[in-house]
Amino acid sequence: MAGDALPAGTVTFVFTDIEGSTRLLGQLGATYAQLLDQHNRLLAEVFARHGGVVFGTEGDAMFVAFERASAAMAAAVDAQLRLQEQAWPEDAVVRVRMGVHTGDADVVGDNYVGMSVHVAARVSSAGHGGQVLASDVTRHLAPDVDSIDLGRHRLKDVGEVGLWQLAHPGLERDFPPLRTLTAMPNNLPSAVDPFVGRTAELAGVHEALAESRLVTLTGPGGCGKTRLALEASTAALSSYPDGVWFVSLAVAEDGERVVPLVAEVLRVSERTDEPLADTLEQWLRERQLLLVLDNCESVVPAVAGFADRYLGQCAGVRILATSREFLGVRGERALATPPLNVADDPVLAGVSDAVELFLVRASAAVPSFDVGAADVATVAQICRRLDGLPLAIELAAARLRALSLEQLATRLDDRFRILRAGERTLQAVVTWSYDLLTDAERELFVRLAVFPAHFRLEAVEMVVTDDLVDEIDVVDLLTRLVEKSLVTTTMEGDAYRYRLLETLREYAFARLEERGEVSRWRDRLLEWAMTRVDHVEESLRRPAQDAALRSVISDSVTLRASMDWAMSRGDDLAALRIATAVPIGLNGERRQIITDLLVRVGSAADGWIAGRAYSALGNMAFEQADWSASTEANAVAHDHFLAVGSDRHAGWAIYLRAHGAWGMGDLAAVDRLIVDAIAYFRSEADTMGLGYALWVASLRTSDLDDAKRMAAEADELLRGDGSVMGVAHNVEGRGIIAFDRDELDDAATFVAEAVELFATYGNVGCSAHALEAAAVVVGRTGRAEVATELLGAAEELRHRSGQGHRPWEIRARHGDIEDRIAPLTPAAQEAALAAGRQHSLESAARAALDALSSAGRGVTTVR
């Protein structure tokens, strides 16, 4: 630490660290300490010569402050030149990345506090060894410094920043892309295998997107449209401040599902007083983003209408679509996705995209696969006969697990008459792959088509294994289909989920139709769906309900299909139970479905089923801030539960009515209903319900000693039951009570636990109100800027969650909590709110926990 006084006010920071320091440590062992000391002394000397003050080191990182931006940039360049000249122990290669940023920061002891410090750290972490990055703020303060404009990039936790690379004849100029893409908002699926070729096509997509706001990639199934779209949109992430969002329309049963599917991906919530399409338009008008609409072919008119409306009204929106036909919208740029090229020249054929794809996929399928010069010609012949279609090539390469290259070529010779059938090329490739299966594998493959989306092993065993095999295990059969690239896998938690590619599913489903077996297997799928519903109903209002709901939500597409099938065959009661138990769509749509089904089933729905249905209606109305409908639905649910003797669930209906009354501002009703709910739960020995009711009661009472007692009792009950979400709600309440009692350490600890629990469970809506509580606690310490940033994060997360109401946990005692935070200037307040809105759930939680850790003792952090 330098002894010089730290610059104050507007400061230029230089952050540095050694790239690959862990590797160097492993390479040098004990000698690494000598290298690090040499590195530190060299940088400290250079920075001091330019007027810099080292105010911190951490491992191989160094933090330096300068009064002038030009001095900081000159020092960084000088340091890089000196690093290149050094002789390092054991001839080690030392590459240091550096970031420079200017901004206001407060000196606290021997350190700085302020957003500028975090920005400098993020600028540094975006670069590579040997590279010096400067923010646009710093560069504009020293415009004469030679630099390269790298464009605007979104940096983790700090938002969008313009970045410049400092240039000098003695420094490198060419570096890999900046490390910022993963911080860009997006939901793009991660690629599981390398992207091969398509250089010209990628350039064409980028050029088209620059010139047109609607680009459609066209071509037959299996030609690689989706993969090309994903690769192009991933590369374009930094061009869209509000992200790139992938929407699969393969699950859209009809055109009416297009808007809801887009809204679900963007987490735009519907409002009770406005059509969802209008809400979505209003939201999109303020954004600059790219929508990737995949598999549009089954809903072309609806997608065309969507593009025409939203592109016309939302100037910052662009669309990249994939479809087997163009959309026919004014301004559309349609790009054909051609097969991969295979040159006729034997020498050039060996370096063509199609051959490269085959070799890459073959090596992945069979790691020992080795191709000689003579074999390249055979590979080129195979690719040429498959018309260069990527799916056909990949399926062929996968067969090398069981066939030699020559055997594969021979089989193509035998069957290629079909593969030349024009538009049926992909159909022929799938047929060829299908014919290579054993009878048992083929039977399982066809039956799997009944699943409309991802499925679990347990579902396969329950739905499609009747009379399938005699002595062959279904796990073995499914594994064979995975190995033969007919079934894909993704990891969810600690187990795999499986899926048929859409083209393969369509092929298999056609076989089911030919055999007249669609109804048979859909009936079996409905039976499976009802077992899932049974599980949810058994777990209802018990600690296991959170896990049960998370489990069925992951199967919601399949359960929705089962519900539709039940309605089509007249089993409205089964459909009602599914719609009641599973979030099968947006709240407004689901409310309407349940309401319609209740009318259709009439008295056939016994008290339990009707009570569950009305309880679900009440919950959805509550989420949409439709308070009166929520209280009315829960009142009806209460009567149905009482009629069948389920006093415990009647107590829950009373408890939920209290929440609706709270939303309406009828606080006398809240207090009366909570007293009744507590009585129900005590009489029924429902410890989870009692814990929740005591939590609400503790927030309502003005007697802080009584509030503390009730919240402590609730904590014991909820922890004893293992009700994680209940514990999270209650510890937030305990934090608020502690805050009111001026027990700031306890307040910070309790609220931090609530933030961590909600974030760990991915509960976006509840995280929003926990962040509001955190903002009030942090605001007490005088850090108004940080507190306001947390409020901005809470506002954005609440919007993303689809909640139609503002939470009242902290507001129950403090009203308009913005008034509890020290005022900022309008500009500073807006800047802090804007910074907060940039947070993801995870980064907002980390920010809150960091802030709370200095407001109290014993605060944990999210991992």
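Colleague: Mind showing me how you'd approach the overall build of the protein here?
Modeller: For the protein, the helix and strand inventory stands at 38 helices and 15 strands. Over its C-alpha trace the protein gives a radius of gyration of 31 Å, about what one expects of a compact globule, namely 29 Å for 863 residues. Seen along its three principal axes, the alpha-carbon backbone of the protein occupies a region of about 85 × 85 × 55 Å. Residue burial in the protein is summarised as follows: out of 863 residues, 54% are buried. Restricting to contacts in the protein with at least 6 residues of sequence separation, those with at least 24 account for 71%. In the form shown here, the protein has an accessible surface area of approximately 36,100 Å², with 50% of it arising from carbon and sulfur atoms.

Colleague: Any chance you could explain the sheet that holds strand β13 (residues 332-336) here in plain terms?
Modeller: For sheets, the rule is that strands pair by backbone hydrogen bonds, running either parallel or antiparallel. The sheet built from five strands is open, its strands ordered β10-β11-β12-β9-β13 with parallel pairing. If you trace the sheet from one side to the other, it starts and ends with β10 (244-248) and β13, each paired once. The sheet shows a mean angle of 20° between the axes of neighbouring strands, taken without regard to direction. Across five bridges, β10 lies against strand β11 (residues 289-294) in parallel orientation.

Colleague: Explanation requested: helix α8 (residues 258-266) in the structure shown.
Modeller: For an α-helix the count is 3.6 residues per turn, leaving residues at separations of three or four pointing the same way. Here α8 lies mainly inside the structure; seven of its nine residues are buried. Turning to α8, its buried residues are Val258, Val259, Pro260, Leu261, Val262, Ala263 and Leu266. Contacts from the buried residues of α8 go to β10, α9 (276-284), β11 and α10 (300-313). Arg267 occupies a position one or two residues after α8 and carries a positive phi of about 60°.

Colleague: Help me understand the layout of surface pockets, please; the structure alone is not making it clear to me.
Modeller: It is the rolling of a water-molecule-sized probe over the atoms that shows where space remains empty. Estimates place the volume of the second largest pocket at around 1,600 Å³. Ranked by residue count, the leading element in the lining of the second largest pocket is helix α4 (residues 115-125), at seven residues. Partitioned by chemical class, the residues of the lining of the second largest pocket number 21 nonpolar, nine polar and 11 charged.

Colleague: I tried to follow the pairing of β11 on my own but got confused; where do I start?
Modeller: Taken residue by residue, a regular strand's side chains alternate between the two faces of the sheet. Along β11, six of the six residues are buried, which leaves the element largely enclosed by surrounding structure. Going residue by residue along β11, you find Leu289, Leu291 and Leu293 tucked away on one face and Leu290, Val292 and Asp294 tucked away on the opposite face as well. In terms of strand pairing, β11 meets strand β12 (residues 317-323) through five bridges, oriented parallel. When the sheet's bridge partners are listed, Leu290 is paired in β12 with Arg318.

Colleague: Looking at this structure, how should I read the state of the cysteines?
Modeller: Disulfides are covalent bonds that connect the sulfur atoms of two cysteines. Applying the stated criterion across every chain yields a total of zero disulfides. Cys296 supplies the cysteine sulfur nearest to Cys314, a cysteine that is in no disulfide, at a spacing of 17 Å.

Colleague: Is there a simple way to explain the environment of Ala79 in this structure?
Modeller: Tracing the chain through its elements places Ala79 in helix α3 (residues 69-85). Residue Ala79 is classed as buried on the basis of its relative accessible area of 0%. Sequence separation of Ala79 and Met98 is 19 residues, and the distance between their C-alpha atoms is 9.6 Å. Those residues in contact with Ala79, other than ones at most four positions away along the chain, are Leu42, Leu43, Val46, Phe47 and Met98.

Colleague: What is the right way to look at the pattern of salt bridges in this model?
Modeller: A side chain with one charge may pair with a side chain of the opposite charge, provided their charged atoms come close. Scanning all chains against the criterion turns up 47 salt bridges. The partner of Arg309 in a salt bridge is Asp278, and the shortest N-O contact between them spans 2.6 Å. Taken together, the residues Arg309 in helix α10 and Asp278 in helix α9 connect sequence positions 31 residues apart. By relative accessible area, Arg309 is classed as partly exposed at 29%. Residue classification places Asp278 among the partly exposed residues on the basis of a relative accessible area of 32%. Close ionic contact of Glu286 with Arg287 constitutes a salt bridge, the shortest N to O distance being 3.4 Å. Of the residues examined, Glu286 reaches a relative accessible area of 60% and is grouped as exposed. Here Arg287 falls in the buried class, since its relative accessible area comes to 13%. The network of salt bridges with shared partners includes Glu45, Arg49, Asp78 and Arg82.

Colleague: Can you walk me through empty space enclosed by the protein in this structure?
Modeller: Scanning the model with the defined rule gives three cavities of 30 Å³ or more in all. As a volume, the largest cavity reaches approximately 60 Å³. Listing elements by their share of the lining of the largest cavity, those giving two or more residues are α26 (607-623) and α28 (647-664). With four residues, α28 is the largest single contributor of residues to the lining of the largest cavity. The residue makeup of the lining of the largest cavity, split by class, is five nonpolar, two polar and two charged.

Colleague: Hey, could you run me through the packing of aromatic side chains in this one?
Modeller: Each aromatic ring pair is summarised here by two numbers: the centre-to-centre distance and the angle between the ring planes. The full count for this structure, using the stated rule, is 18 aromatic pairs. When the centroid spacing of 6.1 Å and the interplanar angle of 85° are considered together, the rings of Phe47 and Phe66 count as edge-to-face. Separated by 19 residues along the polypeptide, Phe47 in helix α2 (residues 31-49) and Phe66 in strand β3 (residues 61-66) bring together distant segments of the chain. Residue Phe47 shares its accessibility class with Phe66, and that shared class is buried. Every member of this aromatic cluster is reached through a ring pair, and the members are Phe13, Phe15, Phe55, Phe63 and Tyr112. In this structure, Arg139 packs its charged tip against the face of Trp164, placed 3.9 Å from the ring centre. One cation-aromatic arrangement involves Arg511 over Tyr507; the distance from NZ or CZ to the ring centre is 4.4 Å.

Colleague: Teacher, can you tell me more about the nonpolar core here?
Modeller: Soluble globular proteins: nonpolar side chains tend toward being buried together. Membership of the largest hydrophobic core comes to 72 residues, with the highest contact counts inside it found for Tyr655, Ile674, Tyr692, Leu771, Val777 and Leu852. Considering each element in turn, this core owes the most residues, 11 residues, to helix α34 (residues 764-780). If we skip the residues at most four places from it in the chain, Leu771 touches Leu790, Ala793, Ala794, Leu797, Ala844 and Ala848. The next biggest cluster of nonpolar side chains, apart from the first, holds 66 residues, and it includes Leu395, Leu437, Val460 and Leu478.

Colleague: Teacher, can you tell me more about the environment of Phe175 here?
Modeller: Tracing the backbone through its elements, the reader meets Phe175 in the loop between β8 (159-166) and α6 (199-211). Taking the relative accessible area as the measure of exposure, Phe175 reaches 17% and is therefore buried. In contact with Phe175, not counting residues within four places along its chain, are Arg95, His128, Gly129, Gly130, Gln131 and Gln165.

Colleague: What should I look at first to understand the packing of α8 against α9 in this one?
Modeller: Packed helix pairs are specified by the crossing angle of their axes together with the interaxial distance, meaning the distance between the axes. It is the contact of α8 with α9, at a shortest axis distance of 10 Å, that shows an interaxial angle of 45°. Judged by the inter-axis angle, α8 sits oblique to α9. Here α8 runs over α9; the crossing is left-handed. Residues Val259, Pro260, Val262, Ala263 and Leu266 of α8 lie in contact with α9, whose contacting residues are Leu276, Ala277, Leu280, Trp283 and Leu284. Broken down by class, the residue content of the contact of α8 with α9 amounts to 10 nonpolar, no polar and no charged.

Colleague: What should I look at first to understand helix α7 (residues 225-235) in this one?
Modeller: For α7, every residue scored as buried is listed here: Lys225, Leu228, Ala229, Leu230, Ala232 and Ser233. The inward-facing, buried residues of α7 abut α6, β9 (214-218), β10, β11 and β12.

Colleague: For this particular structure, what's the right way to read the packing of α2 against α3?
Modeller: Packing of α2 against α3 leaves a shortest axis separation of 9 Å and a crossing angle of 145°. Of the two elements, α2 crosses α3, and the hand of that crossing is right-handed. Contacts between α2 and α3 involve His39, Leu42, Leu43, Glu45, Val46, Phe47 and Arg49 from the first element and Ala75, Ala76, Asp78, Ala79, Arg82 and Leu83 from the second. Grouping the amino acids of the contact of α2 with α3 by side-chain chemistry returns eight nonpolar, one polar and four charged.

Colleague: Please explain unusual backbone geometry as it appears in this structure.
Modeller: The general pattern is negative phi for most residues beyond glycine and trans for most peptide bonds. A positive phi is found at Asp91, a non-glycine position, where the angle reads about 55°. Looking at the secondary structure, you find Asp91 in the loop between α3 and β4 (96-108). Among the residues examined, Asp91 registers a relative accessible area of 70% and is labelled exposed. Phi at Ala625 takes a positive value of approximately 65°, unusual for a residue other than glycine. The partly exposed category is assigned to Ala625, whose relative accessible area is 24%.

Calculation criteria
- Residues numbered from 1 in each chain as written.
- Predicted model: local features only at pLDDT ≥ 70, side-chain atom pairs only at ≥ 80, totals over all residues.
- Heavy atoms only, no water.
- Helix = DSSP H or I, 4+ residues; strand = E, 2+ residues; numbered from the N terminus.
- Rg over C-alpha atoms; globule rule 2.2 N^0.38 Å.
- Buried < 20%, exposed > 50% of the residue type's maximum accessible area, 1.4 Å probe, protein only.
- Contact = heavy atoms within 4.5 Å.
- Areas by Shrake-Rupley, 256 points an atom, 1.4 Å probe, with all protein chains shown as cover.
- Pairing = 2+ DSSP bridges.
- Axes fitted to C-alpha atoms, helices over the stretch in contact; angles between N-to-C directions.
- 1 Å grid on protein atoms, 1.4 Å probe; cavity = no way out; pocket = protein on both sides within 12 Å on 5 of 7 lines; lining within 4 Å.
- Points joined across faces, edges and corners; volume = space filled by probe spheres on them.
- Nonpolar A, V, L, I, M, F, W, Y, C, P; charged D, E, K, R; others polar.
- Disulfide = S-S within 2.5 Å.
- Salt bridge = Lys/Arg side-chain N within 4 Å of Asp/Glu carboxyl O.
- Phe/Tyr/Trp six-rings, centres within 6.5 Å; stacked < 30°, edge-to-face > 60°.
- Lys NZ or Arg CZ within 6 Å of the ring centre and 35° of its normal.
- Core = buried A, V, L, I, M, F, W, Y, C linked by side-chain atoms within 4.5 Å.
- Parallel < 35°, antiparallel > 145°, perpendicular 65-115°, else oblique.
- Left-handed = near helix turned anticlockwise from the far one by under 90°.

Worth remembering: the numbers are spatial, not functional.
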